[in-house]
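Close look at the chain arrangement
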Amino acid sequence: MIDFQKLPSPSYVLDEKLLDENLAVIDRVRKESGAEIIVALKACAMWSIFPELARHSDGATASSAAEARLVLEEYGEKAHTYAPVYTDHNIGEIMDCSSHITFNSLSQYHRFEKQAHKRGISCGLRINPRYSPVETDLYNPCVEGSRLGVTKEELGELPEGIEGLHFHVLCESRPCHLRLALEAVEKHFGKELEHIKWLNMGGGHLMTHADYDCDELISILREFKARHPHLRLILEPGSAFTWRTGYLVSTIEDIVLNGGVRTAMLDVSFACHMPDCLEMPYKPAIIGAHEPEDGEVKWRMGGTSCLAGDFYGDWSFDHELKVGERIIFEDMIHYTMVKTTMFNGVQHPSIVIARRDGRIDVVRRFGYEDYKNRMS
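Residues numbered from 1 in each chain as written. Predicted model: local features only at pLDDT ≥ 70, side-chain atom pairs only at ≥ 80, totals over all residues. Heavy atoms only, no water.

1. What to know about the pairing of strand β10 (residues 232-235)
Rules: Pairs of strands are assigned from DSSP output, requiring at least two bridges between the strands. Strands are runs of DSSP state E lasting at least two residues, helices are runs of H or I lasting at least four, and both sets are numbered from the N terminus onward.
Bridge analysis of strand β2 (residues 36-37) against β10 gives two bridges, and the strand direction is parallel. When the bridges of β10 are listed, Glu36 appears paired with Ile234. The pairing of strand β9 (residues 198-200) with β10 spans three bridges and is parallel. Paired with Asn200 across the strands is Ile234, a residue of β10.

2. Some points on unusual backbone geometry
Here the residue pair Ser9 and Pro10 is connected by a cis peptide bond, since its omega of 0 degrees sits within 30 degrees of zero. In this structure, Pro10 sits in the segment before β1 (11-15). Pro281 follows Met280 through a cis peptide bond whose omega is -15 degrees. Along the polypeptide, Pro281 turns up in the loop between α11 (275-279) and β13 (299-302).

3. Some thoughts on the sheet that holds strand β4 (residues 60-62)
Here is the rule: The contact criterion used is simple: two residues touch if any of their non-hydrogen atoms lie within 4.5 Å. To obtain an axis, a line is fitted to C-alpha atoms, over the contacting stretch when the element is a helix, and the angle between two such axes runs from 0 to 180 degrees between their N-to-C directions.
Taking strand neighbours across the sheet as the criterion, the nine strands line up as β2-β10-β9-β8-β7-β6-β5-β4-β3 in an open arrangement whose pairing is parallel. Either end of the sheet is taken by a strand with one partner, and the two such strands are β2 and β3 (39-40). Against the sheet, helix α3 (residues 65-75) makes contact with β3, β4, β5 (79-82) and β6 (98-103), and its axis sits at roughly 155 degrees relative to β4, the strand it touches most. Of the strands in this sheet, β6, β7 (122-126) and β8 (162-166) are in contact with helix α5 (residues 106-118), which crosses β7 at around 175 degrees.

4. Quick notes on the packing of helix α7 (residues 175-193) against helix α8 (residues 214-227)
To keep things clear, this is the line we draw: Under this scheme an angle from 65 to 115 degrees is roughly perpendicular, one under 35 degrees roughly parallel, and one over 145 degrees roughly antiparallel; angles in between are oblique. For this classification, the nonpolar set comprises Ala, Val, Leu, Ile, Met, Phe, Trp, Tyr, Cys and Pro, the charged set comprises Asp, Glu, Lys and Arg, and every other residue, Gly included, is treated as polar.
At their nearest, the axes of α7 and α8 sit 10 Å apart, and the two run at 10 degrees to each other. Regarding the angle of α7 to α8, the classification is roughly parallel. Taken together, the residues of α8 that come into contact with α7 (itself represented by Pro175, Cys176, Leu178, Arg179, Leu182, Glu186 and Leu193) are Glu216, Leu217, Ile220, Leu221, Glu223, Phe224 and Arg227. Classifying every residue of the contact of α7 with α8 by side-chain character gives nine nonpolar, no polar and five charged.

5. Some points on the environment of Glu216
Note the threshold: Remark: exposure states derive from per-residue accessible area (1.4 Å probe, protein chains only) relative to the maximum for the residue type, with buried under 20%, exposed over 50%, and partly exposed in between.
Here Glu216 lies in helix α8. Judged by its relative accessible area of 26%, Glu216 falls in the partly exposed class. Taking the C-alpha atoms as reference, Glu216 lies 9.5 Å from Arg179; in sequence the two are 37 residues apart. Every residue in contact with Glu216, bar those within four places of it in the chain, is listed here: Pro175, Cys176 and Arg179.

6. Notes on the side chain of Asp267
Let me state the cut-off plainly: Counted as positive: Lys and Arg. Counted as negative: Asp and Glu, with His and the chain ends omitted from the count. Any carboxyl oxygen of Asp or Glu within 4 Å of a side-chain nitrogen of Lys or Arg constitutes a salt bridge here. For this analysis, a polar contact is any N or O atom pair within 3.5 Å, provided that within protein one partner can donate a hydrogen and the other can accept it, and provided that sequence-adjacent residues contribute only side-chain to side-chain pairs.
Within the fold, Asp267 resides in the loop between β12 (261-266) and α10 (270-273). No salt bridge is formed by the buried Asp267, whose closest oppositely charged neighbour, Arg326, lies at an N-O distance of 6.4 Å. Among the polar contacts made by the side chain of Asp267, one reaches the main-chain amide nitrogen of Thr251 at a distance of 2.9 Å. Not counting the four nearest positions on each side in its chain, Asp267 is found in contact with Ser9, Pro10, Ser250, Thr251, Glu253 and Thr304.

7. Re the packing of helix α1 (residues 16-33) against α8
Cut-off, in case you're wondering: Crossings are sorted by hand: turned counterclockwise from the far helix by less than a right angle, the near helix makes the crossing left-handed, and turned clockwise it makes it right-handed.
Viewed as axis vectors pointing N to C, α1 and α8 meet at an angle of 30 degrees, and their least axial separation amounts to 9 Å. With respect to α8, the element α1 is oriented roughly parallel. Once α1 is placed against α8, the crossing between them reads as right-handed. Two secondary-structure elements touch here, α1 through Val25, Arg28, Val29, Glu32 and Ser33 and α8 through Cys214, Asp215, Leu217, Ile218, Leu221 and Arg222.

8. Describing α3
A turn of α-helix holds 3.6 residues, and therefore any two residues three or four places apart point the same way. The complete set of buried residues in α3 reads Ala65, Glu67, Ala68, Leu70, Val71 and Tyr75. Those residues of α3 hidden inside the fold are in contact with β3, α2 (50-54), β4, β5, α4 (91-96) and β6. At the exit of α3 stands Gly76, carrying a positive phi of roughly 85 degrees.

9. Things to note about a nonpolar patch on the surface
Put simply, the test is: The patch calculation keeps residues exceeding 30% relative accessible area without a salt bridge and links them within 9 Å when they carry like charges or within 5 Å when they are nonpolar (Val, Leu, Ile, Met, Phe, Trp, Tyr). Here the accessible surface of atoms and residues is derived via Shrake-Rupley with a 1.4 Å probe, and residues count as covered only by protein chains that are part of the display.
A surface patch of nonpolar side chains, amounting to about 240 Å² of accessible area, comprises Leu278, Leu307 and Phe343. Summarising the element assignment, Phe343 is placed in the loop between β15 (326-330) and β16 (350-354).

10. A few points about the pattern of salt bridges
Taken as a whole and judged by the stated rule, the model has 27 salt bridges. For Arg355, the salt bridge is made with Asp361, and the minimal N-O distance between the two is 2.8 Å. Using a relative accessible area of 24% as the deciding quantity, one classes Asp361 as partly exposed. Members of the salt-bridge network, linked through shared partners, are Glu16, Asp20, Glu52, Arg55, Arg355, Arg356 and Asp361.

Set out below in structure tokens:
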């Protein structure tokens, strides 16, 4: 059990034992399905654990020149890269660091295809199969008028030199959603599947969730492979690798009572350190807290930035909260560190790994120079 009182505050803490459990699930799916599973850096770019992830994956996927370079330098191999748009400024570095590049549009492919083919890069095209189970428009790539991916009507004939197709329509989804997505892909792009070498099914496969049916996922992938035996099947989950593997440690620095609302003022920020809570929105779990029942004292958590909306609520506890008490937010490794900002110059959380043998390893601390260098 991690002693959170001994950790720096604020800090992100990854528990290696919990990571091991996820990696065992991913290894099973890789082995039994025959599909390749690669790590999506957009969910977790914590490169101090890349050596461990590399032993339990088939590579990594990038969405920018910086991510592709990080894959090459710290993962030790070239990236599968997709970005909504490439520029003359970044395409050279991206190609230097990539083995596969997926283009978002036909015009982007035709603009850069000669450079890519000259370097021996396997080129793909992102498609829009017009199906996604995602209900929040902010995260739905198939909303009407989406800028992401090519529809069947836009595609026409598959361009010469395209070796793969890529779709990304899931978000923390279940196997039944992948089955429906594949049915949509076969319906709209069945002919094209016979002329490519690989199919990238994107992310959103939350196979390490407690309620996820990995047997069904394996069955779906095997069935699809049987229908298209010539295809390399690639999945690039982001959240699945570090789902529920760690925490954000914070401390109550003040308690404000206004209009009957109790707010515990923390040394972390929802806006800066947990932006998905406000964007999605979603309510994170706190160790030792529960949903308020009628008559219970309710507590709001207040962030440290000056943004008026930098708060979330409500939670109840079995005791009166006090200044100096630790508040531990759960499941704060994926899509947290990668989305943090230094708005207001707020203290950036340290990065900590709780090792399997019980040691606590503070792998990074942040200070004034980090803020200053970002602003120069």
